[in-house]
Structure formats: C-alpha cells, structure tokens
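Spelled out, the chains give:
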Amino acid sequence: MPVYEFQCKKCSEVFEVKCRVEEYSKLKPTCPKCKSEEVERKISTFYAQTESKT
Ligand SMILES: [Zn+2]
C-alpha cells in the first residue's frame, strides 16, 4: 500500500497517509495536528517503486 505524504498549509506539519491507489480519489487527508484540510501533497517516492511479488 502506498504511503502518501502531505504537508499542512497552516501549521506545516508533515504527515503520512496510507491509502490504496483506488481509494486515493476519496481520500480527504486532514492534518493530525490542527485538523486542517488545507494540506498539500508532498513529493512522493513510491511512484518509483515497482511492485514485485517474488
Ligand atoms: Zn496543521
């Protein structure tokens, strides 16, 4: 499961949200610190990962 990293625009808190890719569109991340929904996605690294089942 990919981990999405967000940063709060209000308090600059950085937090991670685990979410399935197919549920990402329904994801409403909120800052765990100030409960703000004004968060922005941080640059992610998981796109570079290739899922392997070996
Ligand atoms: Zn915040």
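Quick summary incoming for the structure in this document. (Residues numbered from 1 in each chain as written. Predicted model: local features only at pLDDT ≥ 70, side-chain atom pairs only at ≥ 80, totals over all residues. Heavy atoms only, no water.)

1. Thoughts on the packing of aromatic side chains
Moving on, step 1. Counting across every chain of the model gives two aromatic pairs.
Moving on, step 2. Here the aromatic rings of Y4 and Y24 are separated by 4.4 Å at their centres, their planes lie at 20°, and the arrangement is stacked. With Y4 in strand 1 (residues 3-8) and Y24 in the loop between strand 2 (14-18) and strand 3 (39-41), this pair connects stretches of sequence that are 20 residues apart.
Moving on, step 3. Relative accessible area serves as the criterion here: at 27%, Y24 is assigned to the partly exposed category.
Moving on, step 4. Ring centres of F6 and F15 lie 5.9 Å apart, and the angle between their planes is 25°; this geometry places the pair in the stacked category. (Phe/Tyr/Trp six-rings, centres within 6.5 Å; stacked < 30°, edge-to-face > 60°. Helix = DSSP H or I, 4+ residues; strand = E, 2+ residues; numbered from the N terminus. Buried < 20%, exposed > 50% of the residue type's maximum accessible area, 1.4 Å probe, protein only.)

2. Focus: the side chain of S36
Moving on, step 1. Within the secondary structure, S36 sits in the loop between strand 2 and strand 3.
Moving on, step 2. For S36, the contacting residues outside a window of four places in its chain are C8, K10, P29, T30 and C31. (Contact = heavy atoms within 4.5 Å.)

3. Regarding the pairing of strand 1
Moving on, step 1. A one-sided burial pattern is seen for strand 1, the buried positions being Y4, F6 and C8 and the unburied ones V3, E5 and Q7.
Moving on, step 2. Bridge count for strand 1 against strand 2 is five bridges, and the pairing is antiparallel. Residue Q7 lies in a different strand from strand 2, and its bridge partner there is V14.
Moving on, step 3. From the end of strand 1 to the start of strand 2, which pair antiparallel, there are five residues, and S12 there has a positive phi angle of about 65°. (Pairing = 2+ DSSP bridges.)

It is worth stressing that arrangement in space is one thing and function is another; only the former is reported here.
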